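As a plain string of letters, each chain reads:
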Amino acid sequence: MYDYLIAGSGLFGAVIAHEAKKQGKSVIVIEKRNHIGGNIYTENINGIHVHTYGAHIFHTNIKRAWEYVNQFAEFNRFTNSPIADFNGEIYSLPFSMYTFNKMWGVKTPEEARERIEAQRKESGITNPSNLEEQAISLVGRDIYERLIKGYTEKQWGRPCSELPAFIIKRLPVRFTYDNNYFNALYQGIPIDGYTSMIEKLLEGCDVRLNCDYLEHRNELESLAEKIIFTGQIDAYFDYELGTLEYRTLRFETEIMNDTNNFQGNAVVNYTSKDVPYMRSIEHKHFYPGLETDSTVLTREYSSAWKAGDEPYYPVNDDRNTKLYEAYRQLALKRCPDVLFGGRLGEYKYYDMDQVVIRALEVSNQIS
Ligand code: FAD
Ligand code: UDP
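Residues numbered from 1 in each chain as written. Chains lettered and ligands numbered in written order. Predicted model: local features only at pLDDT ≥ 70, side-chain atom pairs only at ≥ 80, totals over all residues. Heavy atoms only, no water.

Visitor: For this particular structure, what's the right way to read the sheet that holds strand 15 (residues 313–314)?
Guide: Hydrogen bonds along the backbone pair up the strands of a sheet, which may run parallel or antiparallel. If you walk across this open sheet you meet the seven strands as 7-6-12-13-14-11-15, and the pairing is mixed. For this open sheet the edge positions go to strand 7 (89–92) and strand 15, each flanked by a neighbour on one side alone. Strands in contact with helix 5 (residues 131–156) are strand 6 (83–86), strand 7, strand 11 (246–256), strand 12 (267–270), strand 13 (279–282), strand 14 (295–304) and strand 15; relative to strand 6, the strand with the most contacts, it is inclined by about 95 degrees. (Pairing = 2+ DSSP bridges. Helix = DSSP H or I, 4+ residues; strand = E, 2+ residues; numbered from the N terminus. Contact = heavy atoms within 4.5 Å. Axes fitted to C-alpha atoms, helices over the stretch in contact; angles between N-to-C directions.)

Put into structure tokens, the structure is as follows:
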């Protein structure tokens, strides 16, 4: 018998596991993949920590989250500054004076604001109610057409006019020459990779890999008093109220032995619909100054999720938000001793710092 059984060894499960161990509890972690770490897993290829499930940059304004992860990893000073490739033309991201200068030749913030305001007025938008209107209001139609529309529609698989405005508000719009993608006080990547950080969090816990909790539920639920489930909440209930919508990703990784610097930047977003992938990541550039003989590139494709695929992004629209709430109520009624948490368990578009804070809150509640 264990005090806690945690299904899922991602960041959420690992923080809960660590906090429970700290309080002297016994913990078993069940993971359906063949490795720990969830989507922040990194693997070493030719001396490069490869982000197997897409670019992961830890960024936060929450000192507690930053101090927490720094107990388990030393972070480098990587600052994310992706570039956008629109039909071969390169623009700086996020939207800053560099972007405005390249797009319109303007040099001052005042000139940039005038351009955007003129384009907003021309579109007649006063009260933006969806992503398209929000984007045009924030940065004007030219940037919307070249840097937002194609990328967003590839990512989410539906027109920008049918997407919630909040998605685009994740990106800063700056009237300064500053291409830091995040408005974050703290930012970096673990020098030894994320997997090593998760290993440290899980120290002292029993871990069972290649084991789907839902397939062995009867045998496993009797192993512990408290269950924490970090997989899909709809899958836990065998989709009995319907299926929540997710986006899945396909990662195509190429090891290049004939060059050690292919694209000159960690992240390049392909913002035209004509390019089938969303972005390409050159992993070595997450570690500034790293010298290698070869390089590793990953191209990321997005599509609708269907049973059997990995669910990466929850699609937080009205229909799914209501359905998730129905599952949450069902969980409270039918299995009050099981706690659902993390990006899939709570069906939320959480960044890593939010996951850490949420896991610490939950640990406090259940201790
Ligand atoms: P996960 O990492 O998904 O872990 C859940 C684990 O549970 C998985 O290992 C899964 O295999 C396992 N599991 C599921 N069901 C079962 C089951 N039935 N039985 C056993 N095991 C099960 N955040 C940032 O802060 N910065 C970024 O730059 C960033 N980039 C991202 C890029 C991409 C492409 C994606 C998809 C996300 C990104 N995020 C980023 C978000 C970040 O990945 C999440 O916040 C974080 O990894 C969520 O941790 P989690 O433990 O909730 O979920
Ligand atoms: N986005 C865009 N063009 C880009 C990068 C981002 O239009 O080159 C939009 C897109 O709608 C995306 C949102 O900005 O969903 C938020 O971007 P972020 O990088 O935060 O997305 P993540 O990959 O973290 O989900």
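Visitor: What's the story with the pairing of strand 3 (residues 42–45) in this structure? I'm lost.
Guide: Regular strands place side chains that alternate from one sheet face to the opposite one. Strand direction decides the pairing type here: strand 3 and strand 4 (residues 48–51), joined by four bridges, are antiparallel. Bridging across to strand 4, T42 finds its partner in H51. Connecting the antiparallel pair strand 3 and strand 4 is a turn made up of two residues, with N46 showing a positive phi of about 50 degrees.

Visitor: Honestly, the sheet that holds strand 1 (residues 2–7) in this entry has me stumped. Any pointers?
Guide: Spatial ordering of the open sheet is given by 9-2-1-10-16, a layout of five strands whose pairing is parallel. Both outer strands of the open sheet, strand 9 (206–208) and strand 16 (338–340), are each paired with one neighbouring strand and no more. Going across the sheet, the axis of each strand differs from the next one's by a mean of 20 degrees, ignoring polarity. Here four bridges tie strand 1 to strand 2 (residues 27–30), and the two strands are oriented parallel to one another.

Visitor: What exactly am I supposed to notice about the pairing of strand 11 here?
Guide: Judged from the two bridges that link them, strand 11 and strand 15 form a sheet pairing that is antiparallel. Each residue of the ladder has a partner; that of Y246, found in strand 15, is P314. One ladder, built from 10 bridges, connects strand 11 with strand 14; its direction is antiparallel. Bridge pairing in strand 14 places E252 opposite R299.

Visitor: I would appreciate a short explanation of the packing of helix 3 (residues 97–104) against helix 4 (residues 109–123) in the present structure.
Guide: For any two helices packed against each other, one specifies the crossing angle of their axes together with the interaxial distance. One way to put it is that helix 3 packs onto helix 4 with a least axis distance of 10 Å and a crossing angle of 65 degrees. Here helix 3 lies roughly perpendicular to helix 4, going by the angle between them. Crossing of helix 3 against helix 4: the hand is left-handed. Facing M97, F100 and W104 of helix 3, the residues of helix 4 in contact are P109, A112, R115, I116 and Q119. In terms of residue class, the contact of helix 3 with helix 4 is built from six nonpolar, one polar and one charged. (Parallel < 35°, antiparallel > 145°, perpendicular 65-115°, else oblique. Left-handed = near helix turned anticlockwise from the far one by under 90°. Nonpolar A, V, L, I, M, F, W, Y, C, P; charged D, E, K, R; others polar.)

Visitor: What is the right way to read the pattern of salt bridges from this model?
Guide: Two side chains with opposite charge may pair up if their charged atoms get near one another. Per the stated rule, a full pass over the model turns up 20 salt bridges. A salt bridge links R299 to E254; its shortest N-O distance comes to 3.1 Å. Within this pair, whereas R299 is found in strand 14, its partner E254 is found in strand 11, the two being separated by 45 residues in sequence. Judged by its relative accessible area of 16%, R299 is buried. (Salt bridge = Lys/Arg side-chain N within 4 Å of Asp/Glu carboxyl O. Buried < 20%, exposed > 50% of the residue type's maximum accessible area, 1.4 Å probe, protein only.)

Visitor: Just checking my understanding: could you explain unusual backbone geometry for this structure?
Guide: Where the residue is not glycine, phi is negative for most of them; where a peptide bond is considered, it is trans in most cases. Between L93 and the following residue, P94, the backbone shows a cis peptide bond with an omega angle of -5 degrees. By the element assignment, P94 lies in the loop between strand 7 and helix 3. The backbone of Y239 shows a phi angle near 60 degrees, a positive value even though the residue is not glycine. Mapping Y239 onto the fold places it in the loop between helix 8 (233–236) and strand 11. Within the chain, Y347 stands out as a residue other than glycine whose phi angle is a positive 50 degrees. On the secondary structure map, Y347 appears in the loop between helix 10 (342–345) and helix 11 (352–366).

Visitor: What is the right way to look at the site of ligand 1 in this model?
Guide: Around ligand 1 lies a shell of 32 residues, among which E31, H56, I57, Y350 and M352 are the nearest. E31 places a side-chain nitrogen or oxygen 2.6 Å from an oxygen atom of ligand 1. Interatomic distance of 3.5 Å between a side-chain N/O atom of T230 and an oxygen atom of ligand 1. Looking at the shell around ligand 1 residue by residue, the class counts come to 17 nonpolar, nine polar and six charged. (Near = heavy atom within 4 Å. Polar contact = N/O pair within 3.5 Å; in protein donor to acceptor, adjacent residues only side chain to side chain.)

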